[in-house]
Amino acid sequence: MDKSVQVHAPATVANLVCGFDVLGMALHRPDDVMTLSLKDEPGLTIEHTDIYQLPTEPEKNVAGAALLAMLEELPNPPGFHLVTEKRIKPGSGLGSSAASSAGAVVAANHLLGNPFSKEDLVRFAMNGEKVASGVKHADNIAPAIYGGITLIRSIFPLDIVQLSGPPLFVTVVHPQIEVRTADARQILRKEVQLKSAIKQWGNIAGLVAGLLKQDYALIGRSLEDVIIEPVRSILIPGFDEVKALSRDAGALGGGISGSGPSIFMLSEKENTANDVEQLMQQVYTKLGIEFKTYVTSISYEGVRISQVPSHSS
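Residues numbered from 1 in each chain as written. Predicted model: local features only at pLDDT ≥ 70, side-chain atom pairs only at ≥ 80, totals over all residues. Heavy atoms only, no water.

This part covers unusual backbone geometry. For the bond running from Arg-29 to Pro-30, omega is 0 degrees, close enough to zero to count as cis. Within the secondary structure layout, Pro-30 lies in strand 2 (residues 23–39). Residue Pro-261 follows Gly-260 across a cis peptide bond; omega there is 5 degrees. Here Asn-15, not a glycine, exhibits a phi torsion of approximately 80 degrees, which is positive. Checked against the element boundaries, Asn-15 lands in the loop between strand 1 (4–14) and strand 2. Judged by relative accessible area, which is 6%, Asn-15 ranks as buried. (Helix = DSSP H or I, 4+ residues; strand = E, 2+ residues; numbered from the N terminus. Buried < 20%, exposed > 50% of the residue type's maximum accessible area, 1.4 Å probe, protein only.)

Right under this line is the structure:
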């Protein structure tokens, strides 16, 4: 049995425009690098090698909360030491907390000989999301663990559906401002007009059908959100301009990644995705807001395990 394992935990895009809390996809980059080691003594210790000064007390740390939930279901729980290098900035809207939670439980499951199913791992990792945002949502966790694009048909009981799809390129811009998930949830309307709900259901069904049929045009038509985006987009400077310019450049469509401030756009071709990146850079340079951009694709692997060489710390 391995004593130590390293994992790469992917960024994720939740909601996929119209699928609030039910759709998500994993990205190839950026990703967090996490190393989990078995300890001789029980208990959980956490160490960070990044600049974000996240809590190291297990109960206050998203990865810690996920691991504690797992340890509760083991008859003879071992001790763990977790070292995290976060490359997905907290508050980016790219599933930073989900990457930590998912990476930790996948690594632990590997070291324990894989006693738990992927559904179990999602259940454990959702405890980390509760620490981060106050809500046990799985739309970032599921794609991080299963890979690809996932549909959360139900949370209680958990019912996760893996969706296939055509090749897609993803362009992401992360303006260097923070939108806290808890804050972004609070501004949402508690009630929705029936006509808006009907339009949204049509778009979610259209997006899922478009992915399964590999119909790019249907995917593009369905990337519309009439409920969440109109409210949340006001928190993100440059949003409307990025969206309009990206569509003009040939992107299928896109919107807010998670609760923002990151914005993602889907493209059928890589050169379109690169053009979209340049337009995003121009918008935020003009606004005088620092940003990071990525051109990437969907990670169908999710959390990736890579053994730690014996000379690594």
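Here a ring pair, both rings aromatic, is described through the centre-centre distance and the interplanar angle of the planes. With the rule as written, the count across this model stands at one aromatic pair. Taken together, a centroid distance of 4.9 Å and an interplanar angle of 85 degrees make the contact between Phe-116 and Phe-124 edge-to-face. Taking the relative accessible area as the measure of exposure, Phe-124 reaches 1% and is therefore buried. (Phe/Tyr/Trp six-rings, centres within 6.5 Å; stacked < 30°, edge-to-face > 60°.)

As a further point, take helix 9 (residues 239–248). Every buried residue belonging to helix 9 is among Phe-239, Val-242, Lys-243 and Ser-246, and all of these are buried. When helix 9 is viewed along its axis, its buried side chains cluster within an angular range of 95 degrees and face the same direction. Exposed and oriented more than 90 degrees from the buried face of helix 9 are Asp-240 and Asp-248. On the buried face of helix 9, the contacting elements are helix 8 (229–232), strand 8 (253–256), strand 9 (263–267) and helix 10 (270–287). After helix 9 finishes, the residue Gly-250 shows a positive phi value of roughly 110 degrees. (Arc of directions from axis to C-beta. Contact = heavy atoms within 4.5 Å.)

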